[in-house]
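Read off the chains here:
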Amino acid sequence: MSPDTRAEWAARNAAYAATHPVPRPARNLALGLATPAVLLLLALAWWIVGLDAELGDASSAAHQDLVVRCVLGTFGGIGCLAAGWLTPRDADAAWLRTAFALTSVVAMPAVLFAG
């Protein structure tokens, strides 16, 4: 079996490239920035809940309301972040991924400070 000539190799390579196109890179910048921001917001929120429990009455209605808002914010932030990372990576869905990233960052403070 003889080795392929350069022309045969180039033709075979071009045929493979034509049948297997490389997708355009997805924009992960928004999600890449939102992920640590959401994790920091979650840590801050649960730290505030712990601090409120130590300084005040943990069985008070205000503390329980804070815990409920923190749980909802956690579900909202992590849910939007997960939806953003699970959105298809093609460039047509980049706007949706960015929207999920922004929503995940906004969901935590909005839920925590709404009440």
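Refer to the structure above for everything that follows.
Residues numbered from 1 in each chain as written. Predicted model: local features only at pLDDT ≥ 70, side-chain atom pairs only at ≥ 80, totals over all residues. Heavy atoms only, no water.

### Topic: the environment of Asp57
Then, in step 1: Mapped onto the fold, Asp57 is located in the loop between helix H2 (29–55) and helix H3 (61–86).
Then, in step 2: When its relative accessible area of 49% is taken as the criterion, Asp57 is described as partly exposed.
Then, in step 3: Side chain to side chain, Asp57 and Ser59 meet in a polar contact 3.1 Å long. (Helix = DSSP H or I, 4+ residues; strand = E, 2+ residues; numbered from the N terminus. Buried < 20%, exposed > 50% of the residue type's maximum accessible area, 1.4 Å probe, protein only. Polar contact = N/O pair within 3.5 Å; in protein donor to acceptor, adjacent residues only side chain to side chain.)

### Details of a nonpolar patch on the surface
Then, in step 1: A surface patch of nonpolar side chains, amounting to about 650 Å² of accessible area, comprises Leu44, Trp47, Ile48, Leu51, Leu55 and Phe113.
Then, in step 2: Considering the arrangement of structural elements, one finds Ile48 in helix H2. (Patch = residues over 30% accessible without salt bridge, like charges linked within 9 Å, V, L, I, M, F, W, Y side chains within 5 Å. Areas by Shrake-Rupley, 256 points an atom, 1.4 Å probe, with all protein chains shown as cover. Salt bridge = Lys/Arg side-chain N within 4 Å of Asp/Glu carboxyl O.)

### Overview of the nonpolar core
Then, in step 1: Grouped together as the largest cluster of nonpolar side chains are twelve residues: Leu31, Ala34, Val38, Leu42, Ala45, Val49, Leu66, Cys70, Leu81, Ala101, Met108 and Leu112.
Then, in step 2: Counting residues per element, this core draws most heavily on H2, at six residues.
Then, in step 3: In this structure, Val49 is in contact with His63, Leu66, Val67 and Cys70, ignoring residues within four places of it in sequence. (Core = buried A, V, L, I, M, F, W, Y, C linked by side-chain atoms within 4.5 Å. Contact = heavy atoms within 4.5 Å.)

### Considering the packing of H2 against helix H4 (residues 94–112)
Relative orientation and spacing of two packed helices are given, respectively, by the angle between their axes and the distance between those axes.
Then, in step 1: Relative orientation of the contacting elements H2 and H4 amounts to 15 degrees, with a least axis distance of 9 Å. As the angle between them shows, H2 and H4 are arranged roughly parallel. As for the relative orientation of H2 and H4, their crossing is left-handed in sense. Residues Ala30, Leu31, Ala34, Ala37, Val38, Leu41, Leu42 and Ala45 of H2 form the contact with H4, whose own contacting residues are Arg97, Thr98, Ala101, Ser104, Val105, Met108, Pro109 and Leu112.
Then, in step 2: Among the residues forming the contact of H2 with H4, the class breakdown is 13 nonpolar, two polar and one charged. (Axes fitted to C-alpha atoms, helices over the stretch in contact; angles between N-to-C directions. Parallel < 35°, antiparallel > 145°, perpendicular 65-115°, else oblique. Left-handed = near helix turned anticlockwise from the far one by under 90°. Nonpolar A, V, L, I, M, F, W, Y, C, P; charged D, E, K, R; others polar.)

### Focus: the pattern of salt bridges
When the charged atoms of two side chains with opposite charge come close together, those side chains can pair.
Then, in step 1: The tally for this structure, following the rule as stated, stands at one salt bridge.
Then, in step 2: Its salt-bridge partner being Arg69, residue Asp65 comes within 3.2 Å of it at the nearest N-O pair. Here Asp65 and its partner Arg69 are both found in helix H3, four residues apart, which amounts to about one turn of the helix.
Then, in step 3: Residue Asp65 is classed as partly exposed on the basis of its relative accessible area of 36%.
Then, in step 4: Among the residues examined, Arg69 registers a relative accessible area of 15% and is labelled buried.

### Focus: the side chain of His63
Then, in step 1: With respect to the secondary-structure elements, His63 resides in helix H3.
Then, in step 2: Taking relative accessible area as the criterion, His63 reaches 7% and is therefore assigned buried.
Then, in step 3: Beyond its immediate stretch of four places on either side in the chain, His63 contacts Val49, Asp52, Ala53, Asp57 and Ala58.

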